[in-house]
Amino acid sequence: MSQPSSASDAPAVPPGASGPRVPEAVHRRRWAVLGVLMLSLLIVVLDNSILNVAVKTIAAPAPTGIGATQSELEWAINSYTLVFAGLLFTSGLLGDRLGRKKVLLFGITVFGIGSALAALSGSPGELIAFRAVMGLGAAFVMPATLAVLMNVFEREEQPKAIGIWAGGVGLAIAIGPITGGILLEHFWWGSIFLINVPVVLIALALMTWLVPDSRDPRPGRIDIPGVLLSVVGLVLLVYGIIRGGELADFTDVTVLAPVLGGLAVLVLFVLHERRSDHPAIDMTYFKRPAFSAAVAAIALVFFALMGVTFFSAFYLQSVRGYSALQSGLLILPLAVAQMVFAPRARLVVERFGAKAVCTAGMLLVALGLAAFAFFDASTPVWVMEVVFFVQGAGMAHIMPPVTVAIMQALPREKAGSGSAINNTFRQVGGALGVAVLGSLLSSTYRGEIEGHLGGVPEALRATAGESVEATLAVAEKLGPAGRDLVAPAYDAFLDAMHVTALASAVIGLIGAVVVAVFLPGRTPTGTAGVPGQGAAGPGVPGPGAAGPGAPGRGAAGPGVPGQGVPGPGGTGPGEAGPGAAAPGTGPEDDARRGSVPGPASEAGESARR
């Protein structure tokens, strides 16, 4: 029997069937393919966590750093994130149209080139531009890795594979700061980007050898105007906010013009999406309270946490005097808590419901953020570790339930759109958090330190007020005359950090209110099954345990054919009850057939059911 290599050649799937089987050659190497995809995901996510540890070093004057101001550091982060978020939908459509392997190879190549150029940056402007190039590459990597994964694993193994794929994010968060600290202790700041290049070369070789190609035979049209409107609107808005922080005046015309212009462009984006017959984001999804609440929770929690992550590096390194490596180790409890609790969050959701679990998680995050308002230059290390762990535990009980809520709010054939929306709002929320909270930190610091800059020469006064790093650099340049600036700089930064931490905690509380009001509560476990897709229990993205006599796959009620009704808390294929035909055991499954299925075949299967 022939084994065509594209989804367009897939055989017709009768109602109730599990779909075309993955070719045997692809099936045998599926775990090796997943390893390659994880390698690509790891370097993309790890790069951002490394950068958070390196901000102090990059802010230092040459030759240690490149003398980046606080706003330039924010743009080094935001240029990457905004390009990445703005192109997620476009890259997904190009992958469906041109082939996901081709798009993945293109993305990882661009990311590697951007990394090499960023490592050799001679100015903050160059670093910002090359970080944007890295964001372009990452935008083509992230959606493609998940799309390839879905096409090399059978349905019953996909939940397990996706769980491992998602676990790569926690792994990167955990090892990123430590890796960055080790590199900065032994090499120059550009090494945090240059380390990506050999990993990219290895990934390219393995992708070419192992990863199969696939494409959607009926790809949708690319919403170029929508993507451009979203990127332009966000860039204008964030630029205006950062400019306001630089001037410590949000009423200046150079602040109001980009802020109002960005809001106007975003309004046009929404109107365009509502009228377009091929929108990047289907705005009708947001009319569903559970979907909107979950999306808002993701944006709000990353808004709050990314801003705090940004200034915590300055607190640990500038005020407390820890090295980059020590700072990375101190933040480790946040990542460890996520890795420990996130896989178990579904068990808590099963018992208490998504509403209660997400609300409690948001309150934990808000509590951890508020704790920064009480930190000073002598706060015990164990207190900081407890706070970071609490924040990580809160995050671990927010992200899985709200992600499930997003996916369950959409029809099955729109799961790709749900994933893209989830990633976009997470990235944009984080970018705005760095911009808004960074601007608040900058403007508050400037207001606090200005009264102590009277003895600083006029030519250096504006520079000295930029950030705590800039003040300390000027103090060092002035020699004995600048010693009196050190203590006021620390005090000013701590005051600014306290204000910013309280603002972050307020954002976390708003998120807690949103999920408490709009997320659905616990779903009764005895929900009756319906033919076709079925009704999912709380926190269950995939098939559950099949009841007695369920002829199909999944958790069907008695006698219900097809997908059935998953039980609460299940995330993958469950155990078949008596008389249930277990997938993968029939004769037709012994001889694996068909081609690598694409989203179109998945959508067709859902419609037929």
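Heads up: the structure comes first, above all this text.
Residues numbered from 1 in each chain as written. Predicted model: local features only at pLDDT ≥ 70, side-chain atom pairs only at ≥ 80, totals over all residues. Heavy atoms only, no water.

Q: I'm lost on the overall build of the protein in this one. Help?
A: In terms of helices and strands, the protein carries 22 helices and 0 strands. In the protein, which comprises 609 residues, the proportion classed as buried is 54%. Expressed as a percentage of contacts within the protein between residues at least 6 apart in sequence, the contacts between residues at least 24 apart total 80%. Accessible surface for the protein amounts to roughly 24,100 Å². Of this, 67% is attributable to carbon and sulfur atoms. (Helix = DSSP H or I, 4+ residues; strand = E, 2+ residues; numbered from the N terminus. Buried < 20%, exposed > 50% of the residue type's maximum accessible area, 1.4 Å probe, protein only. Contact = heavy atoms within 4.5 Å. Areas by Shrake-Rupley, 256 points an atom, 1.4 Å probe, with all protein chains shown as cover.)

Q: Sorry, what's going on with the nonpolar core here?
A: Burial of nonpolar side chains together is a common tendency in soluble globular proteins. Membership of the largest hydrophobic core comes to 148 residues, with the highest contact counts inside it found for Ile58, Phe193, Val301, Tyr315, Phe372 and Phe493. Here this core takes 20 residues from helix 11 (residues 289-319), the largest share from any one element. When near neighbours in sequence (up to four residues on either side) are disregarded, Ile58 contacts Leu51, Gly65, Ile66, Gly67, Ala68, Leu73, Leu127 and Trp189. (Core = buried A, V, L, I, M, F, W, Y, C linked by side-chain atoms within 4.5 Å.)

Q: Would you take a moment to explain the layout of surface pockets for this structure?
A: Empty space among the atoms becomes visible once a probe the size of a water molecule is rolled across them. Its volume calculated, the second largest pocket comes out at about 500 Å³. Around the second largest pocket, the lining is made up of 21 residues, and of these Leu234, Leu266, Phe269, Phe425 and Val428 lie nearest the centre. Listing elements by their share of the lining of the second largest pocket, those giving two or more residues are helix 3 (70-98), helix 9 (224-247), helix 10 (253-275) and helix 17 (415-449). Of the residues that constitute the lining of the second largest pocket, the class distribution is 16 nonpolar, 5 polar and no charged. (1 Å grid on protein atoms, 1.4 Å probe; cavity = no way out; pocket = protein on both sides within 12 Å on 5 of 7 lines; lining within 4 Å. Points joined across faces, edges and corners; volume = space filled by probe spheres on them. Nonpolar A, V, L, I, M, F, W, Y, C, P; charged D, E, K, R; others polar.)

Q: Teacher, can you tell me more about the packing of helix 14 (residues 354-371) against helix 15 (residues 381-396) here?
A: Two measures define how a pair of helices packs: the angle their axes make with one another and the distance between the axes. Packing of helix 14 against helix 15 brings their axes to within 7 Å, and their N-to-C directions diverge by 155°. For the element pair helix 14 / helix 15, the angle class is roughly antiparallel. In the crossing of helix 14 with helix 15, the sense of the turn from one axis to the other is left-handed. Counting all contacts with helix 14, which are made through Gly361, Leu364, Val365, Gly368, Leu369 and Ala371, the residues of helix 15 involved are Val387, Val390, Gln391, Gly394 and Met395. (Axes fitted to C-alpha atoms, helices over the stretch in contact; angles between N-to-C directions. Parallel < 35°, antiparallel > 145°, perpendicular 65-115°, else oblique. Left-handed = near helix turned anticlockwise from the far one by under 90°.)

Q: Just to check I follow, could you spell out the environment of Pro177 for this structure?
A: Note that Pro177 resides in helix 6 (residues 158-186). Pro177 sits 155 residues away from Leu332 along the chain, and the two C-alpha atoms are 7.9 Å apart. Discounting chain neighbours no more than four positions away, the residues touching Pro177 are Ser49, Val53, Ala172, Ala324 and Gly328.

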